[in-house]
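Reading the structure
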Amino acid sequence: MTGAGRAEEEAVFLAERVIEEVQKTVKGKDDCIRAAFAAILAGGHILIEDVPGVGKTTLALAFSKAMALDNHRVQFTPDVLPADILGFSMYKKNTDTFVYHPGTIMCNLFLADEINRTSPKTQSALLEVMEEGMVTVDGVSRPVPSPFIVMATQNPKGSAGTQLLPESQLDRFMISMSMGYPDMESEIEIAKGRAGSLSCEEILPVMDAEGLERLKASVSDVYIQDVLYQYMAALVNATRNNPYIELGVSPRGTIALTRMAKANAFLNYRNFVLPEDIEEVFLPVTKHRILLNTKARVTHVSTEAVLNKLFSDVPKPAAFRERV
Amino acid sequence: MLRFLFFAGAMAALLYIAVIYASNSLVILAFAGILLMAAAFLYLLLIRFCTRFSLEIPISMVQQEMPAEFEIKIENKSILPVVKLKFQTVCKLSIEKSGKKIWTQGAADAYGNTIVKGKLTPYVSGGYHVYIKKIKIYDLTGIFSITRYPGKEISRLYVMPEPEEYAVTVSEASRHFTGESGDDAELFQIRPFRDGDRLQSIHWKMSAKTDELMIRENHASAGCPVVLFLDFGGKKKGGGNFYALALSLSYSLTAAKCPHYVVWYSVTEQDIMRAKVENEECLYQLLLRLFDEETDGANRDIRMLYCEKYRTDYWITDIFVNQNCNVLINGNLTERIKEVELIV
C-alpha cells in the first residue's frame, strides 16, 4: 500500500478477501460489490433501485456471511407496522413489568426489501434508526448493534401502489446503485446453479464485526488534501447552481462524498485520496440526492447525464491537472 | 470520389508522358501513384464497412441561446485507425424542412470506440431534430476521401424559452369559478388517455377494443375562468418570441394559481385542441406538444371554432395571442404586456 505500513496492507488484503468471497456467489457484478463494500467501510447505508430477481438479497447474504454478521431480512408490504421493525413492549403478568421484544432491526446487516411498498410511517421509523443508531420504544432508547448497515431496495419508479421515498429520506443513504441484469456468461453460470443462494454455503467468513470496525477505523484515517476538500465542495456547490437541478446535494451529501472517496482510496491500496477516487464515487453518492427541475423532468433528461456534465465542467485542482 | 478521378487522370497523363519520353523514372512515379491510390481506396472501403456511427444528445433540453452538446460515437471494428473524419450534422426545427449544418472533425482508434463531441447553439426556441447527414472518411494521407450517408437516426433537442412572470391579479369571480356541469354519475364521454389522467378512470374494455388507452369521464370536465387562445395563423410560425410570450402568460397565470385552458388549432388533427394548465408540469408538457405543431399559414377564427366545439363551456377572461405577439384581453389590445397588471 502506497505510503502505509504493514498493518494497513493487511487491512486492505482482508478487504480484498471479503470481496473475493462475495464474488463467489454474486457473478458479473464486481463494480456493485466494490461500491457496496466501500459504502459499508465508509459507515453508510446502501439503497439499491432495481427490478426483482437481480441478486439484491444474495448480495446482502453474501456480505453477512463473509463478515460473519447477524443478518435479518424484511419484505416490506403496505401492512408492515413500525413495531414489526423496531420491536415492542409486552406486559409480563408474572413480573408486572413491560418487557421489550426486539424487532428485526436488531442485527448487523438489515435488508429492507421493497421499502417503497410500505407506509410512510414505517419508512420513517426505519430511517430514524439509520440516522440515530438508536431504537426508541415507549420512551426508552436502545442502541442498535454495531456495526449497523441497512441495505434497502426500491422498485423502479412508476410502479403502481408504491410510495417512493421522499428526498429528505433518500439523503440518509450513502450511495444509490442499480445492479442490473448480469452479462451472458454470468447468466449461464446462474442457470447452471453456480451462483445465487446455493453457493452462499461456499462463502467462508473472513472477518467478524470487530474486524469490520477496525477496517472502518483504517478508512477514516485515509488522508485528503485541502485542495481536494475544496474540489468536493465546488462539485457539491455546482449541483446547487445548475440550470437543470431544483434541489442540489446537501452538506450530508458532502460528508458522504468525503467518506466514500476515502473508502475508494483504501480499496485501491492508497492511504491518500486522488481526484480519480472522487470521480468514481461522485455519481453513486449524488444521483439519489438531487431533484431535477420540471423542465428537465418533462423532457426526460437523465440525472446521470446532468451529473456527468456537471462533473466535467468543474475544473480539477491545478496540481492534479499538471500531474495528469 | 472526385479526387480519385482527378488523381487517376493525373497518373494517366504522367504515364502517357513517360511513354512518350521513354522515361523510366516517370513510369515508376506513375505506378507508385496508382498503387497509392489503390491502397487508399482499399483502406477507405475497409473503414467504410467496419465503422458504425451514432449520434446522441446526453442532455436533450437547453435554454434558448445556450449551447447544446452532442456526441458522435464511432465504433471501429477494423485493425486500422481512422486519422480524419468529418461529420456534417444538421440541426433543424421539427416542422421545418431544412436547418443549420455544422461540421465536426474527429478521428477513431483502431478496434475500439471513440467519442467525438460537438456543440450547437439554436437561437430559436422549439423542438429540433438533430442528425448526421453525411460523413467524410479520409485515408491515412488525408488526400483521398469517400462520403457516407448514414441512416437518418434523429435525436430530439428541446430549446426552452425563458418565461417572464407578469403581474397577474385573480379576481374573486375567477377564484371561485367552478364551471362544472352535468351529473357526476352520468357518463359524459370516453376519450383518449392524456398525461395526468387518473389510472382509476381507464375504461379497460374500450381500451382493449381500440388498442389504445381510453378514459371514462363521468361528468363534464371542470371549466376554467381563463382561456388563452394561441393563433398560429397568418404566417409561418414566429418561433422564439411567440413561444416566449405564450409561455410567459401561461406561467404567470399558473404562478397566480389560476388554472386555465390553452387553445390552438392543430393542422395535423384538423381540429381545435385545448389543454388544461394547472401546474408547471402541465405547462411544459403543453409546450412540448406545441413545438411539434405545424402551421399552414391560414387565418382562422379559433375563438369561434372553440365555441362551436365546446358549446357548454363558459369563462370569464380570454387572452388572445397571435404570431405578431399582439395580446388581446377580452378583445381589447393590450400593449406593453410586461408593464400592465393582468386582471383575470
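Residues numbered from 1 in each chain as written. Chains lettered and ligands numbered in written order. Predicted model: local features only at pLDDT ≥ 70, side-chain atom pairs only at ≥ 80, totals over all residues. Heavy atoms only, no water.

Another point: the overall build of chain B. A count of helices and strands for chain B gives 7 helices and 19 strands. Relative to its length of 344 residues, chain B is extended, with a C-alpha radius of gyration of 30 Å against a globular reference of 20 Å. Overall, the C-alpha framework of chain B stretches about 100 × 50 × 30 Å when taken along its three principal axes. Across the 344 residues of chain B, 44% fall into the buried class. A fraction of 70% describes how many contacts in chain B between residues 6 or more apart in sequence connect residues 24 or more apart. Carbon and sulfur atoms make up 54% of the accessible area of chain B, which totals about 18,600 Å². Within chain B, the 39 negative side-chain charges are centred at a point lying 11 Å from the centre of the 39 positive side-chain charges. (Helix = DSSP H or I, 4+ residues; strand = E, 2+ residues; numbered from the N terminus. Rg over C-alpha atoms; globule rule 2.2 N^0.38 Å. Buried < 20%, exposed > 50% of the residue type's maximum accessible area, 1.4 Å probe, protein only. Contact = heavy atoms within 4.5 Å. Areas by Shrake-Rupley, 256 points an atom, 1.4 Å probe, with all protein chains shown as cover. Lys, Arg positive; Asp, Glu negative; His and termini not counted. Charge placed at Lys NZ, Arg CZ, Asp CG, Glu CD.)

Within chain A, the secondary structure is distributed over 14 helices and 11 strands. Relative to its length of 324 residues, chain A is compact, with a C-alpha radius of gyration of 21 Å against a globular reference of 20 Å. Here the C-alpha coordinates of chain A stretch approximately 75 × 50 × 45 Å along the principal axes. The long-range share in chain A, meaning contacts at least 24 apart out of those at least 6 apart in sequence, stands at 78%.

Turning to the packing of aromatic side chains, a few remarks are in order. Residue and element names in this part refer to chain B. The tally for this structure, following the rule as stated, stands at 15 aromatic pairs over all chains. With 5.0 Å between their ring centres and 90° between their planes, Phe 7 and Phe 144 make a pair best called edge-to-face. You can see Phe 7 sitting in helix α1 (residues 2-21) and its partner Phe 144 sitting in the loop between β7 (126-138) and β8 (145-148), a full 137 residues away along the chain. Judged by relative accessible area, Phe 7 falls into the buried class, the value being 17%. You can call Phe 144 buried: its relative accessible area is 0%. Each member of the aromatic cluster is reached from another via a ring pair, and the members are Phe 4, Phe 7, Phe 41 and Phe 144. Over the face of the ring belonging to Tyr 310 we find Arg 274, whose NZ or CZ atom lies 3.9 Å from the ring centre. (Phe/Tyr/Trp six-rings, centres within 6.5 Å; stacked < 30°, edge-to-face > 60°. Lys NZ or Arg CZ within 6 Å of the ring centre and 35° of its normal.)

Before going further, it helps to spend a moment on the interface of chain A and chain B. Between chain A and chain B, the residue contacts involve 11 residues of the former and 15 residues of the latter. Together chain A and chain B conceal approximately 1,200 Å² of surface at their shared face, both sides included; 71% is due to carbon and sulfur atoms. Three residues, A:Lys295, A:Val298 and A:Thr299, lead the burial of chain A against chain B; their summed loss comes to 48% of the area buried on that side. The tally of links from chain A across to chain B stands at 3 residue pairs in polar contact (both at pLDDT 80 or more). For the side of chain A that touches chain B, the element with the most residues is helix α12 (residues 294-298) of chain A, which contributes 5 residues. Here the side of chain A that touches chain B is composed, by residue class, of 6 nonpolar, 2 polar and 3 charged. (Buried area = accessible area lost by both parts, 1.4 Å probe. Polar contact = N/O pair within 3.5 Å; in protein donor to acceptor, adjacent residues only side chain to side chain. Nonpolar A, V, L, I, M, F, W, Y, C, P; charged D, E, K, R; others polar.)

Purely geometric numbers; function is a separate question.
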